[in-house]
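Listed here are the chains, written in short residue letters.
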Amino acid sequence: ENRSSGLAAIGQNSHDLYLFDLRFSGVGSQEGLELARFARKCNPNVPIFLMTAWGSDEVENEADELRLRFLEKPIEPEVLIELLRDAGIPVGPLY
């Protein structure tokens, strides 16, 4: 919904994984990366995926440093399913 509610949800709840959009609130923002940093701090062992259509080497390098799985849009469903399975998240059949 917004940055504040995202931070509150991360800090108050346990999650099996996180999936953030780099610019979820609009062009020019990188709030998804900020939320991913906070999620990594609160939950160091939970898989975190950061997706974007606006990738850059700088963002990809930071994602690597934070141990995020970096995804560039568009993301094929089969690729996402495979990444989730590789992260240990149980996923049923695609179709």
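Being a predicted model, the structure only gives us computed values, none of them experimental.

Asks: Got a sec to walk through a negative patch on the surface? Specific residues and values, please.
Replies: On the surface, Asp57, Glu60, Asp64, Glu65 and Glu72 cluster together to form a negatively charged patch. When residues of the negative patch are assigned to their parent elements, the largest contribution, four residues, is made by helix H3 (residues 57-65). For aspartate 64, the position within the fold is in helix H3.

Asks: Quick one: what's the story with the environment of leucine 80, residue by residue and with numbers?
Replies: Following the sequence through the fold, leucine 80 ends up in helix H4 (residues 77-86). Since its relative accessible area comes to 25%, leucine 80 is described here as partly exposed. Residues leucine 80 and phenylalanine 49, 31 residues apart in the sequence, show an inter-C-alpha distance of 9.8 Å. Leucine 80 has contacts with Leu71 and Ile75, leaving out every residue within four places of it along the chain.

Asks: An account of the pattern of salt bridges is needed here, citing residue identities and associated values.
Replies: Applying the stated rule across the entire model yields two salt bridges. Between aspartate 21 and lysine 73 there is a salt bridge; the shortest N-O distance is 2.3 Å. Taken together, the residues span a long stretch of sequence, with aspartate 21 in strand E1 (residues 18-21) and lysine 73 in the loop between strand E3 (69-72) and H4 at a distance of 52 residues. Note on lysine 73: relative accessible area 34%, which makes it partly exposed. The shortest N-O distance in the salt bridge between arginine 37 and glutamate 62 comes to 2.7 Å. Placement of arginine 37 in helix H2 (residues 31-42) and of glutamate 62 in helix H3 is noted, with a sequence separation of 25 residues between them. With a relative accessible area of 37%, arginine 37 lands in the partly exposed category. Residue classification places glutamate 62 among the partly exposed residues on the basis of a relative accessible area of 23%.

Asks: Run through the packing of aromatic side chains, naming residues and quoting values.
Replies: Taken as a whole and assessed by the stated rule, the structure comprises one aromatic pair. Here tyrosine 18 and phenylalanine 20 contribute two aromatic rings whose centre-to-centre distance is 5.6 Å and whose plane-to-plane angle is 10°, an arrangement assigned as stacked. Note on accessibility: tyrosine 18 and phenylalanine 20 belong to one class, buried.

Asks: I'd like a rundown of the nonpolar core, residues and numbers included.
Replies: Within the largest apolar cluster, 17 residues are counted, with the highest numbers of intra-cluster contacts made by Tyr18, Phe20, Ile48, Leu50 and Leu68. For this core, the secondary-structure elements that each account for two or more residues are helix H1 (3-12), E1, H2, strand E2 (48-52) and H3. A per-element tally of this core places H2 first, with four residues. Those residues within four positions of phenylalanine 20 in sequence are excluded, and the remaining contacts are Ile10, Gly32, Leu35, Ala36, Ala39, Ile48, Phe49, Leu50 and Met51. The next biggest cluster of nonpolar side chains, apart from the first, holds seven residues, and it includes Leu71, Leu83, Leu84 and Ala87.

Conventions used here
- Residues numbered from 1 in each chain as written.
- Predicted model: local features only at pLDDT ≥ 70, side-chain atom pairs only at ≥ 80, totals over all residues.
- Heavy atoms only, no water.
- Patch = residues over 30% accessible without salt bridge, like charges linked within 9 Å, V, L, I, M, F, W, Y side chains within 5 Å.
- Areas by Shrake-Rupley, 256 points an atom, 1.4 Å probe, with all protein chains shown as cover.
- Salt bridge = Lys/Arg side-chain N within 4 Å of Asp/Glu carboxyl O.
- Lys, Arg positive; Asp, Glu negative; His and termini not counted.
- Charge placed at Lys NZ, Arg CZ, Asp CG, Glu CD.
- Helix = DSSP H or I, 4+ residues; strand = E, 2+ residues; numbered from the N terminus.
- Buried < 20%, exposed > 50% of the residue type's maximum accessible area, 1.4 Å probe, protein only.
- Contact = heavy atoms within 4.5 Å.
- Phe/Tyr/Trp six-rings, centres within 6.5 Å; stacked < 30°, edge-to-face > 60°.
- Core = buried A, V, L, I, M, F, W, Y, C linked by side-chain atoms within 4.5 Å.

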